Amino acid sequence: MPGRRPSAQAPDFPARTAPRTRSPGELDAAVTTCRACPRLVAWREEVARVRRRAFRDWEYWARPVPGFGPADASLVIVGLAPAAHGGNRTGRIFTGDPSGDALYAALYDIGLASQPVAAHRDDGMELYGVRITVPVHCAPPANRPTTTERDTCRPWLARELELLRPTLRAVVVLGAFAWHALLPVLAGAGWRLPRPRPVFGHGAEAPVVDPAGEREVWLIGGYHPSRRNMSTRTLTPAMLRDVLRRGAEAAGLPTRTGARPLDT
């Protein structure tokens, strides 16, 4: 029937539902109902059933994890996907796992977050002018979504960026996966990309022109704050702060200087 709501289990659920949303909040609510990728649904729910010993008293979120941050953000941070025992447990992206510990501490240090630690979705955390999102909204096994899963989830990110476009000025992209997932989203939505297409790297920068041809938005690459990258010092807290500060500068957001002792 015309106008019938698509099934949340249908592969085209994101493609049919995302364009209907009229605000980031409405989009977030729709994201959390999605069951379009059977492997991801099974994994996120199995993780919630088995749980880690450290979290055995938690009631896991075990649903797609929406974006987080104000609807008029001028800076967007794009990651990979929720962690099985992080966002999949807490219900907020980059919350409750080592990557989130590093990211929120860095955002707090430069004045873009209200507190340095993100523990759960009701902990009072606020972001200032920043919204965090991901190209894949469900926790994937081994942190590796398939190409099909990434593409099925793509309409959520495309619509989110479209809704944010009036205020969007810069995007910090954490990791090569997010970089390569984001570029087709922008191209498909009519954003004009540089030629040749920009290559990912920590500190890489590239301007893209919005679909109306009115202004540039800066893409800024940064290594993902994974436990491995941080422990091997491929990415240091200072490096993470610097790339976030560069994103804030491009977005017109004020920041503060400062760092914890020995945190370099």
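For the structure, check the block above.
In this text the structure is predicted, and so the values were computed from the model without any measurement.

This brings us to the pattern of salt bridges. Between side chains of opposite charge, pairing is possible as soon as their charged atoms come close. Taken as a whole, this structure holds 16 salt bridges when the rule is applied. For Arg154, the salt bridge identified is with Asp151, shortest N-O distance 3.0 Å. Highlighted residues: Arg154 and Asp151, both in helix α6 (residues 147-164), separated by three residues, approximately one helical turn. Residue class for Asp151 comes out partly exposed when judged on its relative accessible area of 33%. For Glu162, the salt bridge goes to Arg159, with nearest N and O atoms at 3.2 Å.

Applying the stated criterion across every chain, the model contains three aromatic pairs. For Arg89, the ring lying beneath its charged end belongs to Phe55, and the centroid distance is 3.6 Å. Above the ring of Trp58, the side-chain terminus of Arg89 is found at 4.5 Å from the ring centroid.

This part is about empty space enclosed by the protein. Using the criterion set out here, one finds two cavities of 30 Å³ or more in the structure. Computed from the structure, the largest cavity encloses a volume of approximately 110 Å³. What lines the largest cavity is a set of 15 residues, and nearest its centre among them are Cys34, Cys37, Cys138, Cys153 and Trp156. Those elements giving two or more residues to the lining of the largest cavity turn out to be α3 (38-50) and α6.

Next up on the list: α3. Between its terminal C-alpha atoms α3 stretches 18 Å, which fits the 18 Å expected from 13 residues at 1.5 Å a residue. Taken as a whole, α3 has its buried residues at Leu40, Val41, Arg44, Val47 and Ala48. Viewed along the axis of α3, the buried residues span an arc of 135 degrees, placing them on a single side of the element. Within α3, the exposed residues directed more than 90 degrees away from the buried face are Pro38, Arg49 and Val50. Each element contacted by the buried residues of α3 is listed here: α4 (87-90) and α6. Taken from the residues just after α3, Arg51 is the one with a positive phi, measuring 65 degrees.

Along the chain, the position of Thr17 falls in helix α1 (residues 13-17). You can call Thr17 buried: its relative accessible area is 11%. A polar atom in the side chain of Thr17 sits 2.7 Å from the backbone oxygen of Phe13. Sequence-distant contacts of Thr17, defined by excluding residues within four places in its chain, comprise Pro6, Ala30 and Trp156.

Turning our attention to the side chain of Arg89. Counting through the fold element by element, Arg89 comes out in helix α4. Put simply, Arg89 is tucked away with no salt bridge, and the nearest opposite charge, on Asp97, sits 7.0 Å away. At 2.7 Å, the side chain of Arg89 forms a polar contact with the backbone oxygen of His85. For Arg89, the contacting residues outside a window of four places in its chain are Phe55, Trp58, Glu59, Tyr60, Trp61, Ala84 and Gly96.

What the largest pocket holds in volume is close to 700 Å³. Residue lining of the largest pocket: 32 residues in total, with Ala83, Ser99, Asn143, His224 and Ser226 positioned closest to the centre. Counting residues per element, the ones that place at least two in the lining of the largest pocket are α5 (98-109), α7 (176-188) and α8 (227-231). By residue class, the composition of the lining of the largest pocket is 19 nonpolar, nine polar and four charged. The calculated volume of the second largest pocket comes to roughly 260 Å³. In terms of lining, the second largest pocket is formed by Arg5, Pro6, Phe13, Thr17, Arg20, Thr21, Glu26, Ala29, Ala30 and Thr33.

Reading the values: the criteria
- Each residue is numbered by its place in its chain's sequence as written, counting from 1.
- Totals for whole chains, interfaces and linings use all residues, but because this is a predicted model, local features are given only for residues with pLDDT of at least 70 and pairs of side-chain atoms are given and counted only at 80 or more.
- Heavy atoms throughout the structure, all of them, feed into the side-chain values; hydrogens and water do not.
- Any Lys or Arg side-chain nitrogen found within 4 Å of a carboxyl oxygen on Asp or Glu counts as a salt bridge.
- Only DSSP runs of H or I with at least four residues qualify as helices, and only runs of E with at least two residues qualify as strands; both kinds are numbered from the N terminus onward.
- A 1.4 Å probe rolled over the protein chains alone gives each residue an accessible area, and that area as a share of the maximum for its type sets the label: buried under 20%, exposed over 50%, partly exposed in between.
- Two rings from Phe, Tyr or Trp (for Trp, the six-membered ring) form a pair when their centres sit within 6.5 Å of each other. Planes less than 30 degrees apart are called stacked, planes more than 60 degrees apart edge-to-face, and all others tilted.
- Criterion for a charge above a ring: Arg CZ or Lys NZ at most 6 Å from the ring centre, at most 35 degrees from the ring normal.
- Grid points spaced at 1 Å and placed over the protein atoms alone form the basis of the search, with a cavity being a set where a 1.4 Å probe fits but cannot get out and a pocket an open set showing protein on both sides within 12 Å along at least five of seven lines. Lining residues have an atom within 4 Å of a point.
- Grid points are joined across faces, edges and corners, and a volume is the space filled by probe spheres set on the points.
- Multiplying one less than the number of residues by 1.5 Å gives the expected span of a helix.
- Comment: arc refers to directions from the helix axis out to C-beta atoms.
- Contacts between residues were defined by any pair of non-hydrogen atoms, one from each residue, lying within 4.5 Å.
- N or O atoms within 3.5 Å of each other form a polar contact, as long as, within protein, one can give a hydrogen and the other can take it, and as long as residues adjacent in sequence are counted only when both atoms are side-chain atoms.
- When charges are counted, neither His nor the chain ends are considered; positive counts come from Lys and Arg and negative counts from Asp and Glu.
- Put simply, Ala, Val, Leu, Ile, Met, Phe, Trp, Tyr, Cys and Pro go in the nonpolar bin, Asp, Glu, Lys and Arg in the charged bin, and everything else, Gly too, in the polar bin.

So yeah, pure geometry; function would need other evidence.
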